[in-house]
Amino acid sequence: MTNAHAKDRPLSLRLPQADVALIDRAAKMQGRSRTEFMREASVREAEAAVLDTMMIRMSPEGFEAFVAALEEPAQIVPELREVFKRKAPWEKA
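Residues numbered from 1 in each chain as written. Predicted model: local features only at pLDDT ≥ 70, side-chain atom pairs only at ≥ 80, totals over all residues. Heavy atoms only, no water.

(A) Just the overall build of the protein, in detail. Scanning the protein from terminus to terminus reveals four helices and zero strands. Going from N to C terminus, the protein has its helices and strands arranged as α-α-α-α. Computed over its C-alpha atoms, the radius of gyration of the protein comes to 23 Å, more than 25% above the 12 Å expected for a compact globule of 93 residues. With respect to the three principal axes, the spread of C-alpha positions in the protein is 55 × 50 × 35 Å. Relative to its 93 residues, the protein shows a buried fraction of 5%. (Helix = DSSP H or I, 4+ residues; strand = E, 2+ residues; numbered from the N terminus. Rg over C-alpha atoms; globule rule 2.2 N^0.38 Å. Buried < 20%, exposed > 50% of the residue type's maximum accessible area, 1.4 Å probe, protein only.)

And the structure:
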């Protein structure tokens with residue numbers, strides 16, 4: 001069975017050899033082809049760019065409730081306090 005979406009649209013890029021070498025190295029480290037690696041990385045960055053510019057819409061009442069929640073004093077979370085007291089694994093002797 002073939003993947004109908006695998007080769008829908010060709011895309012050509014001109015990249016410096018150093019960039020290609022780095023991409024190939026990273027793809028190989030993950031056991032993937034250059035195409036798979038670049039497609040996933042490109043789509044991930046495109047999604048992030050779109051999400052970063054999306055407008056959040058809410059009613060005036062909803063916005064007021066949101067601002068009120070932001071203005072509330074911070075609450076202590078005992079579990080987080082304990083986590084932050086721990087040394088990082090690389091700090092342990």
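Resuming the write-up.
(B) Broad picture of the pattern of salt bridges. Applying the stated criterion to the full structure yields four salt bridges. Note that Arg32 and Glu40 form a salt bridge whose closest N and O atoms lie 3.0 Å from each other. For Arg32, a relative accessible area of 23% translates into the label partly exposed. Here Lys85 and Glu82 are joined by a salt bridge, their closest N and O atoms 3.6 Å apart. One end of the pair, Lys85, and the other, Glu82, are both in helix 4 (residues 78-85), three residues apart, so they sit about a helical turn from each other. (Salt bridge = Lys/Arg side-chain N within 4 Å of Asp/Glu carboxyl O.)

(C) Here's a closer look at a nonpolar patch on the surface. A surface patch of nonpolar side chains, amounting to about 560 Å² of accessible area, comprises Ile56, Met58, Phe63, Phe66 and Leu70. Relative to the helices and strands, Leu70 resides in helix 3 (residues 60-71). Leu70 sits in the exposed class, given a relative accessible area of 59%. (Patch = residues over 30% accessible without salt bridge, like charges linked within 9 Å, V, L, I, M, F, W, Y side chains within 5 Å. Areas by Shrake-Rupley, 256 points an atom, 1.4 Å probe, with all protein chains shown as cover.)

(D) The environment of Arg81, seen in detail. Mapped onto the fold, Arg81 is located in helix 4. A C-alpha to C-alpha distance of 51 Å links Arg81 and Pro10, two positions 71 residues apart in sequence.

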